[in-house]
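Listed here are the chains, written in short residue letters.
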Amino acid sequence: MTSNSQSSPLQVTSASPEKPFSHQDKPASDRVTLLLVDEASETQRVDNYLAKVLKGVPKSHVYRILRSGEVRVNKKRVTAEYRLQLGDEVRVPPIRIAEAAPKPGLPIVKAKLAEMVIYEDDAMLALNKPAGMAVHGGSGISLGVIEQLRLERPQAKFLELVHRLDRETSGVLMIAKKRSALTALHEAMRQHKMDKRYVMMVQGQWQDAKKKVTLDLQKFVTESGERRVHVVEQPLLNTEPGGRKSLKSSGVIAKQQAAKGRFEVETQVSETWFYLQEPLGQYSLLQAKLITGRTHQLRVQLSYLGFPILGDDKYGDFALNKQLSKQRLKRMYLHSSETRIAHPLTGEPLHLVAPLPEELENFLQYQRQLNAE
């Protein structure tokens, strides 16, 4: 039932909270609004859905109208934890929403990512992310991959990162175009049903054709306030000074612990299979298969074993990196080369391949020439 007349008590609108509401279809302050759930909002919690729909409304008020039963889904009361289904009808009571300040005209967005797409369908896409580009904004970075992609595709209802890559790591990066696809991909990752491979060149002569590495990793904060990851043999527990509870209990304690380089979370087990691809004199070309996906996992494991990744500015050999920058390698030699996973909606096997970037391929050929002489 749809009506635009002034006398109608209801306004039925199909809208997605992932895109801005137009003047015609935003929830009204003088009447009940009915919203139809589309694919972009499918499986989302109703409280989160309302928080996006009701821009400018305090979240405490969102929970109040949920508890009072003023919000209904398919004419029934629901709790905040209810997950929306495709086609659900959400009743929103009359509510005053703060008017957003008019935005200046959007600048013309240069398409930076279009040529980096290696796979795309209605559910997801995969990019060959370049080194030096963060996956999301923050920490002084205004635009990451996901923000840039949303600017390049303003018509897209839903674009969310499936996983992350370090800023200086290139290669396969998956992005969901539907919430149902995002949920399915996350579940596959939790169940270790994704085969993710990396290629890296390391310092030293790696001997094992195949080697499984299992190490305990723990995040910590340096004296300068930078977050790092460390291999620990006797991990600091949450109940000890500097554990998660004491670090986050107050701003004062957090600063004190950060200044001492204290650990901030409990130990996490990291597991990787490493395969020797090619010996290159004083260097080695390796392939890695992730079993777990911890922060900086490959970089920390290899550095701890005495085989730092070439060009790694956090855990590598800094003197060597300076020399390598004069020998055609001005970035970290770490590339997410391929990912095998079932399609999140059809279940068909996907093999996503990101070719080695030109600068890494050139350095590899250079090392082969040096070792052939």
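Our subject is the structure that appears above.
About the thresholds
Residues numbered from 1 in each chain as written. Predicted model: local features only at pLDDT ≥ 70, side-chain atom pairs only at ≥ 80, totals over all residues. Heavy atoms only, no water. Core = buried A, V, L, I, M, F, W, Y, C linked by side-chain atoms within 4.5 Å. Buried < 20%, exposed > 50% of the residue type's maximum accessible area, 1.4 Å probe, protein only. Contact = heavy atoms within 4.5 Å. Phe/Tyr/Trp six-rings, centres within 6.5 Å; stacked < 30°, edge-to-face > 60°. Helix = DSSP H or I, 4+ residues; strand = E, 2+ residues; numbered from the N terminus. Lys NZ or Arg CZ within 6 Å of the ring centre and 35° of its normal. Polar contact = N/O pair within 3.5 Å; in protein donor to acceptor, adjacent residues only side chain to side chain. Pairing = 2+ DSSP bridges. Expected span 1.5 Å × (residues − 1). Arc of directions from axis to C-beta.

Caption draft 1: Structural view of the nonpolar core. Formed by 35 residues in total, the largest nonpolar core has its most connected members in Ile 175, Tyr 198, Met 200, Phe 274, Leu 298 and Leu 302. With residues up to four places along the chain from it excluded, the contact list for Met 200 reads Ser 284, Leu 285, Leu 286, Gln 287, Ala 288, Leu 298, Leu 302, Ile 309, Tyr 333 and Leu 334. Listed in part, the 19 residues of the second largest apolar core include Leu 35, Ile 65, Leu 66 and Val 71.

Caption draft 2: Spotlight on the packing of aromatic side chains. Summed over all chains, the structure comprises 4 aromatic pairs. Here Trp 206 and Phe 274 contribute two aromatic rings whose centre-to-centre distance is 5.6 Å and whose plane-to-plane angle is 55 degrees, an arrangement assigned as tilted. Here Trp 206 is found in the loop between β10 (195–203) and β11 (210–221), whereas its partner Phe 274 is found in strand β13 (residues 268–280), with 68 residues between them in sequence. An identical accessibility class is assigned to Trp 206 and Phe 274; each is buried. Summarising the aromatic geometry, the rings of Tyr 333 and Phe 363 are spaced 6.2 Å apart at their centres and angled 55 degrees between planes, so their arrangement reads as tilted. Here Tyr 333, found in the loop between α8 (318–324) and β15 (334–342), pairs with Phe 363, found in helix α9 (residues 358–372); they are 30 residues apart in sequence, far enough to count as distant. Judged by relative accessible area, Tyr 333 falls into the buried class, the value being 0%. The buried category is assigned to Phe 363, whose relative accessible area is 0%. Put simply, the rings of Trp 206, Phe 274 and Phe 307 touch in pairs and so form one group of aromatic residues. Lying across the ring of Trp 273, Lys 210 places its NZ or CZ 4.6 Å from the centre.

Caption draft 3: Spatial organisation of the side chain of Arg 197. Along the polypeptide, Arg 197 turns up in strand β10. Polar side-chain contacts of Arg 197 include one of 2.7 Å to the side chain of Asp 195. Each residue touching Arg 197, except ones within four places of it in the same chain, is listed here: Tyr 275, Gln 287, Ala 288, Lys 289, His 335, Ser 336, Ser 337 and Glu 338.

Caption draft 4: Structural context of the pairing of strand β2 (residues 32–36). For β2, the tally of buried residues reaches 4 of 5 residues, placing the bulk of the element in the interior. The pairing of β2 with strand β5 (residues 89–92) spans 4 bridges and is classified as antiparallel. For Leu 36, the partnering residue across the bridge sits in β5 and is Glu 89.

Caption draft 5: A look at α9. Compared with an ideal rise of 1.5 Å per residue, which puts 15 residues at 21 Å, α9 spans 21 Å between its outermost C-alpha atoms and is within 8% of the ideal. Listed in full, the buried residues belonging to α9 are Leu 360, Phe 363, Leu 364 and Gln 367. Taken around the axis of α9, the buried residues stretch over an arc of 100 degrees, which confines them to a single face. Summarising the geometry of α9, the exposed residues directed more than 90 degrees from the buried face are Glu 358, Gln 369 and Ala 372. Buried residues belonging to α9 abut β9 (170–176), β10, β13, β14 (283–290), α8 and β15.

Caption draft 6: Structural context of unusual backbone geometry. One non-glycine residue, Asn 74, lies in positive phi territory at about 55 degrees. Relative to the helices and strands, Asn 74 resides in the loop between β3 (72–73) and β4 (76–77). Judged by relative accessible area, which is 36%, Asn 74 ranks as partly exposed. You will see that Arg 328, though not glycine, has its phi angle at about 80 degrees, which is positive. One can find Arg 328 in the loop between α8 and β15.

Caption draft 7: How the structure looks around the pairing of β13. In terms of strand pairing, β11 meets β13 through 8 bridges, oriented antiparallel. Pairing of Leu 217 across the sheet is with Gln 268, part of β13. As defined by bridge partners, β13 adjoins β14 across 8 bridges and the pair is classed as antiparallel. Each residue of the ladder has a partner; that of Thr 272, found in β14, is Leu 290. Joining the antiparallel neighbours β13 and β14 is a turn of 2 residues, in which Gly 281 adopts a positive phi near 70 degrees.

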